Amino acid sequence: MARVNTSVNNVSGDVSGTASAAGNNLEVFTMNNTNVLNNQFVGSSADIVAIQNANVQNTGGTVDLQSQAVCNGADISTDPSDVNVKSNQVCDATDPYAELNANVSNANNSVALGSTAVGNSFSEDTNAPNTNIVTRQTNNSFEDAVVNSTVSNVNGNVSVSASAIGNNAQIIHY
């Protein structure tokens, strides 16, 4: 569990805060011919929780507050001639749960509040002419993302978002 509790008052610059929790996370960056085997498993007893409670008053800059919980995440970037990627992600966690409770007042610039809960996330980018990618994602969890906010007296834009995503995959081949 990741928990951030903060109170910020009278800041002339920017204010940012993040609570982030992850079951498994993999990042691969290589410039060589590569074989990647990724097996990520989170069992049913796991509880992946990120909670941020924030009170922010009287800021001269932007306010950016986020909470994020990810069961399994994999990001692979390669730029050789030959790439083989096999990725298996299984999320049996109780719940990737992300919560943001924010009170923001008197901000002299923009305010962005966001909460994201993800079961499995996979991304791969490459310019290799010979590429084989196999990705399997199994998600038996319940994703929950919550934002509770009160925002007042802002001289810029206000953005509030909550996203709960079971499985996500992005493959870029250029």
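Located above this text is the structure these notes cover.
Summarised in this report is the structure supplied together with it. (Residues numbered from 1 in each chain as written. Predicted model: local features only at pLDDT ≥ 70, side-chain atom pairs only at ≥ 80, totals over all residues. Heavy atoms only, no water.)

### Considerations on the overall build of the protein
So, point 1. Within the protein, the regular secondary structure consists of zero helices and 11 strands.
So, point 2. With respect to the principal axes defined by its C-alpha atoms, the protein has extents near 55 × 35 × 20 Å.
So, point 3. Nonlocal contacts in the protein, meaning residues at least 24 apart in sequence, comprise 84% of its contacts between residues at least 6 apart.
So, point 4. When the accessible surface of the protein is split by element, carbon and sulfur atoms take 41% of a total near 8500 Å². (Helix = DSSP H or I, 4+ residues; strand = E, 2+ residues; numbered from the N terminus. Contact = heavy atoms within 4.5 Å. Areas by Shrake-Rupley, 256 points an atom, 1.4 Å probe, with all protein chains shown as cover.)

### A few points about the environment of Thr-116
So, point 1. With respect to the element layout, Thr-116 can be found in strand E8 (residues 111–126).
So, point 2. The class of Thr-116 is partly exposed, set by a relative accessible area of 25%.
So, point 3. The spacing of Thr-116 and Ala-162 is 46 residues in sequence and 5.8 Å in space, taken between C-alpha atoms.
So, point 4. Residues contacting Thr-116, with those up to four places away along its chain left out, are Ser-67, Gln-68, Ala-69, Ala-98, Ala-145 and Ser-163. (Buried < 20%, exposed > 50% of the residue type's maximum accessible area, 1.4 Å probe, protein only.)

### Quick notes on the nonpolar core
So, point 1. Within the largest apolar cluster, 13 residues are counted, with the highest numbers of intra-cluster contacts made by Val-56, Val-63, Leu-65, Val-104 and Leu-113.
So, point 2. Breaking this core down by element, the ones donating at least two residues are strand E4 (49–59), strand E5 (63–78), strand E7 (97–107) and E8.
So, point 3. Per-element accounting of this core gives the leading share, four residues, to E7.
So, point 4. Once you skip the residues sitting within four places of it in the chain, Leu-113 turns out to touch Leu-65, Gln-66, Leu-100, Ala-102, Val-104, Val-147, Ser-149, Val-151, Ser-159, Val-160 and Ser-161. (Core = buried A, V, L, I, M, F, W, Y, C linked by side-chain atoms within 4.5 Å.)

### Quick word on the pairing of E7
So, point 1. With nine of 11 residues buried, E7 lies mostly within the body of the structure.
So, point 2. Bridge count between E4 and E7: 10 bridges; the pairing is parallel. The partner of Val-49 across the bridge, within E7, is Tyr-97.
So, point 3. Inspection of the sheet shows E7 paired to strand E10 (residues 144–154) by 10 bridges, in the parallel sense. Bridging from a neighbouring strand, Val-104 pairs with Val-151 of E10. (Pairing = 2+ DSSP bridges.)

### Looking at unusual backbone geometry
So, point 1. You will see that Asn-10, though not glycine, has its phi angle at about 60°, which is positive.
So, point 2. Locating Asn-10 in the fold gives a position in strand E1 (residues 2–11).
So, point 3. Located in the positive-phi region is Asn-106, a residue other than glycine, with phi close to 60°.
So, point 4. Relative to the helices and strands, Asn-106 resides in strand E7.
So, point 5. Look at Asn-106 and you get partly exposed, because its relative accessible area is 33%.

### Some points on the sheet that holds strand E9 (residues 130–139)
So, point 1. Taken in spatial order, the three strands make up an open sheet running E3-E6-E9, and their pairing is parallel. At either margin of the open sheet sits one strand with a lone partner, and together these are strand E3 (34–42) and E9. The average undirected angle you get between the axes of adjacent strands in this sheet is 0°.
So, point 2. As judged from the 10 bridges shared by strand E6 (residues 82–91) and E9, these two strands associate in the parallel manner. Looking across to E9, one finds that Val-90 is bridged to Thr-138. (Axes fitted to C-alpha atoms, helices over the stretch in contact; angles between N-to-C directions.)

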